[in-house]
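Chain residues, written in single-letter form:
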Amino acid sequence: MRAHARTLRRSIRQTTRTVSFSVTILGSTSAKPTPSRHPSAQVVRLHEQYYLVDAGEGAQQQMIRYGINPLRLRAVFLSHLHGDHCYGLFPLLSTLGLYGRRTPLAVYAPAPFGEVLDGFLRHFGADLPYAVEPHETDTTRHALLFENRTLEVWSVPLRHRIPTAGFLFREKEPPLNVSKQAIAKYGLSVTHIAAAKRGEEVRLDDGTPLPSEELTYRPYRARSYAYLSDTNFSARAAKLCAGADLLYHEATYAAAERRTARERGHSTSEEAARAAITAGASRLVIGHFSSRYDGAEPMLGEARRLFPATEAAEEGRTFDIPENRIRL
């Protein structure tokens with residue numbers, strides 16, 4: 001009897017553990033590094049799993065500097081093959097071998113990344129104790145690239161000078177919880193609770209049917225993070241990120257440099273804000289600032305005039321995406 005009671009208490013216990021979802025900025029400048037800024041790199045953390053997004057020079061040093069263990073990386077996502085987004089990957093691959101990594105590392109990148117990786121492995125990676133698994137990204141399609149129990153990562157076609165894709169990190173829906181009120185009202189058993197959590201109809205002992213949706217709820221709303229790397233303004237890309245809790249969008253140039261941005265396949269601060277508005281994003285982070293600017297203030301001020309919930313990408317800063325818990 002006591003064992004049954006313990007099982008029942010475990011079944012009705014509501015989820016209270018906070019599930020982390022955050023983005024840490026490792027690099028925020030465009031093509032040329034500066035004394036205070038590194039090229040593009042970020043780490044996305046979800047459910048204690050880590051994903052590297054772009055890998056400019058110094059990415060591994062930045063990870064160490066900000067307390068991120070490179071051995072915890074589950075996968076790497078490269079938006080495109082310009083050097084300021086990928087030169088930092090290859091020393092990281094070597095260091096992971098020195099750290100003793102044994103599990104394979106998946107790298108998602110546009111062609112011809114496979115050829116580039118083959119050259120690196122031939123000359124520098126013959127003794128790596130783990131496998132590097134390249135996955136080619138079709139930058140013309142919005143497609144599912146990666147999936148596990150808690151996360152989906154989708155490609156987002158972008159408009160740059162070479163094939164480029166952004167990434168949409170979408171948390172999967174959390175498991176159903178059964179409300180305490182329903183358990184007390186109907187006297188639900190462990191068997192009933194388990195069936196309701198699976199989304200099945202529950203039938204009481206007297207034959208009364210109860211749809212799962214009358215008994216259950218999602219403990220929190222699934223969250224999403226969109227990374228829109230080097231690109232001209234693209235309404236299509238923004239719409240593919242509809243409802244993002246946090247949107248990163250490049251803002252290489254201030255608004256006065258709109259023509260230069262268009263010619264070079266980049267965006268201005270105002271265009272980044274327009275993308276956030278088009279996406280219906282909750283918050284915007286801008287980065288990839290040209291080295292011609294001493295700081296991010298010109299771009300930040302312009303973006304905030306259109307989209308007030310804008311922050312600048314600052315190296316070492318972590319942007320949390322809090323849970324939107326349902327209170328019953």
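The following refers to the structure shown. (Residues numbered from 1 in each chain as written. Predicted model: local features only at pLDDT ≥ 70, side-chain atom pairs only at ≥ 80, totals over all residues. Heavy atoms only, no water.)

**Side note on the overall build of the protein**
Here's step 1: Within the protein, the secondary structure is distributed over 11 helices and 18 strands.
Here's step 2: Principal-axis analysis of the C-alpha atoms gives the protein an extent of 75 × 50 × 35 Å.
Here's step 3: By residue count, 55% of the 328 residues in the protein fall in the buried class.
Here's step 4: The contacts of the protein with a sequence gap of at least 6 include a subset with a gap of at least 24, amounting to 65%.
Here's step 5: Element-wise, carbon and sulfur atoms account for 49% of the exposed surface of the protein, whose accessible area totals about 15,500 Å².
Here's step 6: For the protein, the centre of its 43 positive side-chain charges and the centre of its 35 negative side-chain charges are spaced 6 Å apart. (Helix = DSSP H or I, 4+ residues; strand = E, 2+ residues; numbered from the N terminus. Buried < 20%, exposed > 50% of the residue type's maximum accessible area, 1.4 Å probe, protein only. Contact = heavy atoms within 4.5 Å. Areas by Shrake-Rupley, 256 points an atom, 1.4 Å probe, with all protein chains shown as cover. Lys, Arg positive; Asp, Glu negative; His and termini not counted. Charge placed at Lys NZ, Arg CZ, Asp CG, Glu CD.)

**Notes on the side chain of threonine 164**
Here's step 1: Looking at where threonine 164 falls in the secondary structure, it is placed in the loop between β8 (151–157) and β9 (165–171).
Here's step 2: For threonine 164, a relative accessible area of 1% gives the class buried.
Here's step 3: A distance of 2.8 Å separates a polar side-chain atom of threonine 164 from the backbone oxygen of isoleucine 162.
Here's step 4: When residues no more than four places from it in sequence are discounted, the contact partners of threonine 164 are Ser79, His80, Thr139, Val156, Pro157, Leu158 and Asp230. (Polar contact = N/O pair within 3.5 Å; in protein donor to acceptor, adjacent residues only side chain to side chain.)

**A short note on the packing of helix α10 (residues 269–279) against helix α11 (residues 297–306)**
Here's step 1: Following both chains from N to C, one finds α10 and α11 inclined at 35°, their axes separated by 8 Å at the closest point. As α10 runs across α11, the sense of the crossing is right-handed. Residues Ser269, Glu270, Ala273 and Ile277 of α10 touch α11, and the partners they reach there are Met299, Glu302, Ala303 and Leu306. (Axes fitted to C-alpha atoms, helices over the stretch in contact; angles between N-to-C directions. Left-handed = near helix turned anticlockwise from the far one by under 90°.)

**Side note on the pairing of strand β14 (residues 224–228)**
Here's step 1: Counting buried residues along β14, five of its five residues qualify, which places the element largely inside the surrounding structure.
Here's step 2: The two faces of β14 match: Ser224, Ala226 and Leu228 on one face and Tyr225 and Tyr227 on the other face are all buried.
Here's step 3: Relative to β14, β9 is paired through four bridges, and the arrangement is antiparallel. Residue pairing for β14: leucine 168 is matched across the bridge by alanine 226.
Here's step 4: The pairing of β14 with strand β15 (residues 246–250) spans four bridges and is classified as parallel. In the sheet register, tyrosine 227 faces β15, and the bridge partner there is tyrosine 248.
Here's step 5: The parallel pair β14 and β15, bridged by helix α8 (residues 235–240), forms a crossover whose chirality is right-handed. (Pairing = 2+ DSSP bridges. Right-handed = clockwise from strand over helix to strand, strands pointing away.)

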